[in-house]
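Residue strings, one per chain:
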Amino acid sequence: MAINWYPGHMHKAQKEIKEILPQIDIVIEVCDARLPFSSENPMITEIRGDKPLIKILNKSDLADADVTQLWLAYLKSQQKVDAIALTTDNPAVAKSIPALIRKMLPNKDQQGKQINAMIMGIPNVGKSTLINTLVGKAKAKVGNEPAVTKGQQRIKLEEGLYLYDTPGMLWPKIINENSGYRLAVTSAVKDTAYDHDDIAFFAAQYLLEHYPKRLIERYKLEPLPETEIEVIEAIGRLRGCVRSGGVVDFHKASAILINEIRDKTLGAISFETPALIEDETKHFIELEAEKVAEREARKLKRGRGRKNKR
Ligand code: G4P
């Protein structure tokens, strides 16, 4: 299924969420542990307002455990935010979510008042699987493609504790090109505007910088190539993706790398750290400021030009 983040989809999801928000005491956002920043919904800050938030770093079996610890510490340092790492490999941890919800709302809990939690997440982060684990039966529809959760569900987790599953399709945070590539390489977004080979080049460059040993071990890259193109070329030669004339089939070699990242053959990999995201965000803000300044300068120049003609 191709995912297109149409304004119509976004508007519908926003409207549906806003309708149920007044009843909600706490928000649970499911993210992908390999990319906790890029897989969050950009509306989350606005949605939660000052409600407590539990960030779930899901699929943590696929993420680098050390980096996940960095993310947990980073997220927990934020106001009224708690965070946990989850994986289907260890469903028992998911069962601790009701207790965590109650801990974050001590007043309501002590007064025995009903607690309403809202769960949200962009497609394919494993929200339906998690809901199934929480309720112990197949209430949420789990498909093998990112799908729209049809119709809002209110799920009783425990006596006096309800989970609202947000309907509508939420979109990821593609504030810069890198976030888009990270979503694509982890297959969080299965069909993107990005070219398949470009995704592999992005991944190869990232692995060269952050996980060179994995490349060396898996693809016998000794010495380690300097560029991402050389990495893909070496994978192609090693795996026999060579056309007549000895030219490497980059498309086939790219597919091998992407598949081996996605199926964890290359090990657990995280695609962003809090420090990397802070750097990128700073750079992004500077770029935006430069663009605005350039636009203003052009406007000013045009204005002066018109005055001089008069
Ligand atoms: P969604 O509701 O957020 O869209 O996601 P959903 O639960 O449908 O899960 C999306 C995919 O992620 C599913 O794989 C699911 O099995 C997988 N998944 C969910 N939780 C985890 C986890 O903790 N670790 C790993 N490694 N994978 C997880 P699929 O390939 O689409 O289908 P299938 O594997 O169930 O056949």
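Since this is a predicted model, take the numbers as computed values, not measurements.

This part is about the overall build of the chain. When helices and strands are counted, the chain shows 13 helices and six strands. A burial count over the chain gives 47% of its 310 residues as buried. Within the chain, counting contacts between residues at least 6 apart in sequence, those at least 24 apart form 68% of the total. A total accessible area of about 16,200 Å² is found for the chain, and carbon and sulfur atoms account for 51% of it.

Tallying each qualifying case throughout the model produces five aromatic pairs. Consider the rings of Tyr181 and Phe202, whose centres lie 5.0 Å apart with planes at 15°: the pair is stacked. Taken together, the positions of Tyr181 in helix H8 (residues 177-185) and Phe202 in helix H9 (residues 196-210) put the pair 21 residues apart, joining distant regions of the chain. The burial state of Tyr181 is the same as that of Phe202; both residues are buried. Taken together, the ring pairs in this structure connect Tyr206, Tyr211 and Phe271 into an aromatic cluster. A cation over a ring is seen here: Arg154 above Tyr162, with NZ or CZ 3.8 Å from the ring centre.

Taken together, the side chains of Arg295, Arg298, Arg302, Arg306 and Lys309 define a basic patch exposed on the protein surface. Structurally, the position occupied by Arg298 is in helix H13 (residues 274-309).

All right, on to the pattern of salt bridges then. Scanning all chains against the criterion turns up 17 salt bridges. Its salt-bridge partner being Lys156, residue Glu159 comes within 2.9 Å of it at the nearest N-O pair. Arg182 serves as the salt-bridge partner of Glu280, at 2.5 Å between the closest nitrogen and oxygen. Here Glu280 is found in helix H13, whereas its partner Arg182 is found in helix H8, with 98 residues between them in sequence. Its relative accessible area of 1% is what places Arg182 among the buried residues. What you see here is one network of salt bridges that share partners, running through Glu29, Glu40 and Lys55.

Turning our attention to empty space enclosed by the protein. For the coordinates displayed, the defined rule picks out two cavities of 30 Å³ or more. Within this model, the largest cavity holds a volume of roughly 80 Å³. Asn58, Leu86, Thr87, Thr88, Asn90, Pro91, Ala94, Gly126, Thr129, Leu130 and Thr133 together form the lining of the largest cavity. Mapped by element, the contributors of at least two residues to the lining of the largest cavity are helix H4 (91-94) and helix H7 (127-135). In terms of residue count, H7 provides more of the lining of the largest cavity than any other element does, three residues in total. Its residues assigned to classes, the lining of the largest cavity comprises four nonpolar, seven polar and no charged. Lining the second largest cavity we find Arg34, Leu62, Ile261, Arg262, Lys264, Gly267, Ile269 and Phe271. Residues that form the lining of the second largest cavity fall into these classes: four nonpolar, one polar and three charged.

The environment of the ligand is formed by 16 residues, the closest being Asp61, Asn124, Lys127, Ser128 and Thr129. One of the side-chain nitrogen or oxygen atoms of Asp61 is found 2.8 Å away from a nitrogen atom of the ligand. For the ligand, an oxygen atom lies 2.8 Å from a polar atom in the backbone of Lys127. The element best represented in the shell around the ligand is H7, accounting for three residues. Looking at the shell around the ligand residue by residue, the classes come out as four nonpolar, nine polar and three charged.

Cut-off values and rules
Residues numbered from 1 in each chain as written. Predicted model: local features only at pLDDT ≥ 70, side-chain atom pairs only at ≥ 80, totals over all residues. Heavy atoms only, no water. Helix = DSSP H or I, 4+ residues; strand = E, 2+ residues; numbered from the N terminus. Buried < 20%, exposed > 50% of the residue type's maximum accessible area, 1.4 Å probe, protein only. Contact = heavy atoms within 4.5 Å. Areas by Shrake-Rupley, 256 points an atom, 1.4 Å probe, with all protein chains shown as cover. Phe/Tyr/Trp six-rings, centres within 6.5 Å; stacked < 30°, edge-to-face > 60°. Lys NZ or Arg CZ within 6 Å of the ring centre and 35° of its normal. Patch = residues over 30% accessible without salt bridge, like charges linked within 9 Å, V, L, I, M, F, W, Y side chains within 5 Å. Salt bridge = Lys/Arg side-chain N within 4 Å of Asp/Glu carboxyl O. Lys, Arg positive; Asp, Glu negative; His and termini not counted. Charge placed at Lys NZ, Arg CZ, Asp CG, Glu CD. 1 Å grid on protein atoms, 1.4 Å probe; cavity = no way out; pocket = protein on both sides within 12 Å on 5 of 7 lines; lining within 4 Å. Points joined across faces, edges and corners; volume = space filled by probe spheres on them. Nonpolar A, V, L, I, M, F, W, Y, C, P; charged D, E, K, R; others polar. Near = heavy atom within 4 Å. Polar contact = N/O pair within 3.5 Å; in protein donor to acceptor, adjacent residues only side chain to side chain.

This is a description of form; function is not addressed.
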